[in-house]
Amino acid sequence: MVVYDNTYDVIVVGAGHAGCEAALASARMGCATLLLTINLDAVALMSCNPAIGGLAKGHLVKEIDALGGEMGKNIDATGIQFRILNTRKGPAVRASRAQADKQQYRLRMKRVLENQENLHLKQGEVTGLHVEDGRVAGVDTRLQVRYLGKTVILTTGTFMRGLIHVGLTNYAGGRAGDLPSIGLSDQLRDLGFEVGRLKTGTPARLDGRTIDFCRLEPQYGDDPPVPFSFSTERIDQPQVPCHIAYTNERSHDIIRSGLDRSPLYAGVIEGIGPRYCPSIEDKVVRFPEKNRHQTFIEPEGRDTVEVYPSGLSTSLPIDVQIAFYRSIEGLERVEIMRPAYAIEYDYVDPIQLHASLETKLLRNLYHAGQINGTSGYEEAAGQGLIAGINAALQVQGREPLVLGRSEAYIGVLIDDLVTLGTREPYRMFTSRAEYRLLLREDNADLRLREKGHAVGLLPENEYVRFLEKRERIEAELARVRREKLLPSEADPVFMEEFGLVGMQNALTYEQLLRRPDITYAELSRLDSHALEVNPAVREQVEIQVKYQGYIDRQLDQVERARKMESTRIPDDFEYFGLSGLSTEVQEKLRKFRPDTLGQASRIPGITPAAISILSITLKMRGEK
């Protein structure tokens, strides 16, 4: 074994979306960082859908950006179609989504990594951890090189013992065209980690030249496109349309005819797949009453003919794939450029992590991304960012950054993982957040910019811009609470239109904005200053005014829960023999090892009475 002649503060294994954010975060915080990956040409590669954001996922990207991460900036620079989803619904569930130029996204992120101070990129397959005295001290590669590091972050994606399935044919691979990672998950199991098996899949990539787009329904992006990053002023690159197509009864018959050769239904695949993103054969079997399923035909970039048929992932044999895709109207002559496939891979049960994403079994080792059982680029990137921040803070001798469920979707994501674990690929939804009116996309910077700056991740110029925006919001809120509409000076047409005729007392502009039928557009008819308010400031003021009662109610709920969330439970706390707790509760607490009383309260089967006993015991022992 050759020991490399440099010791790093942070070693990141894997350069997917989690690995990129982790490496950039630790390097930007001043730590000497090594990023190791099997293939340097596949940095930030979009293995599945060439898009960023979506319902709840857009919230994660905004939060990553607010903390100082890169994903939002990267998609702003390489996006080819931007849309805000759920615009007819309330602000809590509105979400940003952007189609990416797949290759440009990858190349720009690699360029950012290569030009980042304190960050070193190397190609190599990590086959094991170097452990000393119960803590990780580096990694070993297949070429017998040992890299020493004070902390290690594993962001292995779908590579650990990856197995690709097309029909009843299978072969080892981390994704199509890449080698798997062999040996690492076996060592983790030997170290005491609970290692499981999951499955995911991806559609075929189709030749756009062989599709009759005139017979498909075009879907255009927003004009003007709205950026993800709070630092991006506008999107300048040209935008392209996607197209909508549908399966039909013939498509479904073709799928049914091939089920005997589907690895899903032949018992070949043992891993559990994503419940919320099923393969097309799953959809056909589980929903036989549906005579069609929608697909979005999405371009993979401006300079390629490859397109991605969203929602049509499958692991059926190639001959069935060809017949199935060609059964769709407009795709009768379509050519498959890359076949669809399913992939099985190892993951590590995330209940073995602290909320900092450091493992409980091995000090200085962090896990982020699909190794924790999640699905999606955004979920991975959010975890990678937090792992990178906390590895750097560990090296610097500082307390970890832990985001609460009331502070960020990233906090909800991590708390769900480390408190509940997962037995299927975890996907973020707005419904998972009990405080989602507080956790909107639009206020991610107001929630998290201070935290990003405090850990040393947010550049000073971006922080100054944020402070200026926050001051303008506060000033505008004060103004609309102060300025009034006087009955004697009111425009009669306005009064008639909004049912204010006969009004006796003056109304503040805040009271007017509180009405559902009055926005800043209407207010500007009375108030010339309203036209001059920055759009981002205007949005914040309007939301805070209109939803103030609901927001205050959620803030009260957060305050009531704060005490439990801040009550720490020592790592070595002994639950067995604790008077008043049933044997079942003691066993669950010992298995999950919650970090806080709040985490303990969310473990299934832990009763309020058990939490009261635990709270009293901690207080008596001086833990509060």
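A quick note: this is a predicted structure, and the numbers were derived from the prediction, not measured.

Conventions and cut-offs
- Residues numbered from 1 in each chain as written.
- Predicted model: local features only at pLDDT ≥ 70, side-chain atom pairs only at ≥ 80, totals over all residues.
- Heavy atoms only, no water.
- Helix = DSSP H or I, 4+ residues; strand = E, 2+ residues; numbered from the N terminus.
- Buried < 20%, exposed > 50% of the residue type's maximum accessible area, 1.4 Å probe, protein only.
- Contact = heavy atoms within 4.5 Å.
- Areas by Shrake-Rupley, 256 points an atom, 1.4 Å probe, with all protein chains shown as cover.
- Lys, Arg positive; Asp, Glu negative; His and termini not counted.
- Charge placed at Lys NZ, Arg CZ, Asp CG, Glu CD.
- Axes fitted to C-alpha atoms, helices over the stretch in contact; angles between N-to-C directions.
- Parallel < 35°, antiparallel > 145°, perpendicular 65-115°, else oblique.
- Left-handed = near helix turned anticlockwise from the far one by under 90°.
- Nonpolar A, V, L, I, M, F, W, Y, C, P; charged D, E, K, R; others polar.
- Polar contact = N/O pair within 3.5 Å; in protein donor to acceptor, adjacent residues only side chain to side chain.
- Pairing = 2+ DSSP bridges.
- Domains from an automatic or database assignment.
- Phe/Tyr/Trp six-rings, centres within 6.5 Å; stacked < 30°, edge-to-face > 60°.
- Lys NZ or Arg CZ within 6 Å of the ring centre and 35° of its normal.
- Core = buried A, V, L, I, M, F, W, Y, C linked by side-chain atoms within 4.5 Å.

A word on the overall build of the chain
Here's step 1: Within the chain, the secondary structure is distributed over 20 helices and 22 strands.
Here's step 2: Dimensions of the chain, computed from C-alpha atoms along their principal axes, come out at roughly 85 × 70 × 50 Å.
Here's step 3: Burial analysis of the chain (624 residues in total) assigns 56% to the buried set.
Here's step 4: Sequence separation of at least 24 residues holds for 74% of the intrachain contacts in the chain that already meet a minimum separation of 6.
Here's step 5: As presented, the chain carries roughly 26200 Å² of accessible surface, and 49% of it is formed by carbon and sulfur atoms.
Here's step 6: Distance between charge centres in the chain, computed from 78 positive and 86 negative side chains, equals 2 Å.

Things to note about the packing of helix H1 (residues 17–28) against helix H9 (residues 377–395)
Here's step 1: Put simply, H1 and H9 touch, their axes get as near as 7 Å, and they point 30 degrees apart. Between H1 and H9, the angle is such that the two are roughly parallel. Of the two elements, H1 crosses H9, and the hand of that crossing is right-handed. For the pair H1 and H9, the contacting residues are His17, Ala18, Glu21, Ala22, Ala25 and Ser26 in the first and Tyr377, Ala380, Ala381, Gly384, Leu385, Gly388, Ile389 and Ala392 in the second.
Here's step 2: Residue composition of the contact of H1 with H9, grouped by class: nine nonpolar, four polar and one charged.

Here we look at helix H2 (residues 57–67)
Here's step 1: Of all eleven residues in H2, eleven are buried, a share of seventy percent or more.
Here's step 2: Here H2 has its buried residues at Lys57, Gly58, His59, Leu60, Val61, Lys62, Glu63, Ile64, Asp65, Ala66 and Leu67.
Here's step 3: Of the residues flanking the end of H2, it is Gly68, one or two places downstream, whose phi is positive at about 110 degrees.

Description of the side chain of Arg197
Here's step 1: Tracing the chain through its elements places Arg197 in strand S12 (residues 195–202).
Here's step 2: Among the polar contacts made by the side chain of Arg197, one reaches the main-chain carbonyl oxygen of Arg161 at a distance of 3.0 Å.
Here's step 3: A polar contact of 2.9 Å, which involves the side chain of Arg197, links it to the side chain of Asp346.
Here's step 4: The contacts of Arg197, once residues within four sequence positions are left out, are Met160, Arg161, Leu163, Glu270, Gly271, Ile272, Glu344, Tyr345, Asp346 and Tyr347.

Remarks on unusual backbone geometry
Here's step 1: The omega torsion of the bond from Asp223 to Pro224 falls at 0 degrees, within 30 degrees of zero and hence cis.
Here's step 2: Mapping Pro224 onto the fold places it in the loop between strand S14 (217–219) and strand S15 (242–246).
Here's step 3: In the Ramachandran plot, Gln144 falls in the positive-phi region, its phi being about 65 degrees despite a non-glycine side chain.
Here's step 4: Following the sequence through the fold, Gln144 ends up in the loop between strand S8 (135–141) and strand S9 (145–154).

Overview of the sheet that holds strand S5 (residues 95–100)
Here's step 1: Across the sheet, three strands lie side by side as S3-S5-S4; this open sheet has antiparallel pairing. Bordering the open sheet on either side are strand S3 (51–53) and strand S4 (79–85), each of which pairs with just one other strand. Each strand of the sheet is rotated relative to its neighbour by a mean of 15 degrees, with strand direction disregarded.
Here's step 2: Inspection of the sheet shows S4 paired to S5 by six bridges, in the antiparallel sense. When the sheet's bridge partners are listed, Ile84 is paired in S5 with Ser96.

A few points about the sheet that holds strand S16 (residues 294–299)
Here's step 1: Overall, antiparallel pairing links the six strands, which are arranged S14-S15-S16-S17-S13-S18 in an open sheet. Because the sheet does not close on itself, it has two edges, and the strands there are S14 and strand S18 (336–338). In this sheet, neighbouring strand axes are inclined to one another by 35 degrees on average, regardless of whether the strands run parallel or antiparallel.
Here's step 2: With three bridges joining them, S14 and S15 adopt antiparallel strand pairing.

What to know about the pairing of strand S17 (residues 306–310)
Here's step 1: Counting buried residues in S17 gives five out of five residues, a clear majority hidden from the surface.
Here's step 2: Here S17 shows two buried faces, one formed by Glu306, Tyr308 and Ser310 and the other by Val307 and Pro309.
Here's step 3: Bridge count between strand S13 (residues 205–207) and S17: two bridges; the pairing is antiparallel. In the strand pairing of S17, Leu206 is matched with Val307.
Here's step 4: Two strands pair when backbone bridges link them, and S16 and S17 are joined in this way by four bridges, in the antiparallel orientation. Across the sheet, the residue bridging to Pro299 is Val307, located in S17.
Here's step 5: As consecutive antiparallel partners, S16 and S17 are separated by six residues.

Re the domain arrangement of the chain
Reports often express the size of an interface as the amount of accessible area lost when the parts come together.
Here's step 1: Domain parsing of the chain yields domain 1 (2–48 + 102–197 + 345–426), domain 2 (205–344), domain 3 (463–551) and domain 4 (567–623).
Here's step 2: Between the C-alpha centres of domain 2 and domain 4 there is a distance of 47 Å.

A short note on the side chain of Ser375
Here's step 1: Positionally, Ser375 belongs in the loop between strand S20 (365–367) and H9.
Here's step 2: With a relative accessible area of 16%, Ser375 lands in the buried category.

Focus: the packing of aromatic side chains
Here's step 1: The full count for this structure, using the stated rule, is five aromatic pairs.
Here's step 2: Ring geometry for Phe494 against Phe498: centres 4.7 Å apart, planes inclined by 40 degrees, an arrangement best described as tilted.
Here's step 3: Accessibility expressed as a relative area gives 8% for Phe498, which makes it buried.
Here's step 4: One residue, Lys62, lies across the ring of Phe230, its end atom 5.2 Å from the ring centre.

Some thoughts on the nonpolar core
Here's step 1: Of all hydrophobic cores here, the largest spans 75 residues; its most connected members are Ile52, Tyr105, Ile153, Ile389 and Ile410.
Here's step 2: No other element matches the ten residues that H9 contributes to this core.
Here's step 3: Split by domain, this core shows at least three residues from each of two domains, domain 1 (2–48 + 102–197 + 345–426) and domain 2 (205–344).
Here's step 4: Core analysis: the second largest hydrophobic core is formed by 22 residues, Tyr8, Leu34, Val136 and Met160 among them.

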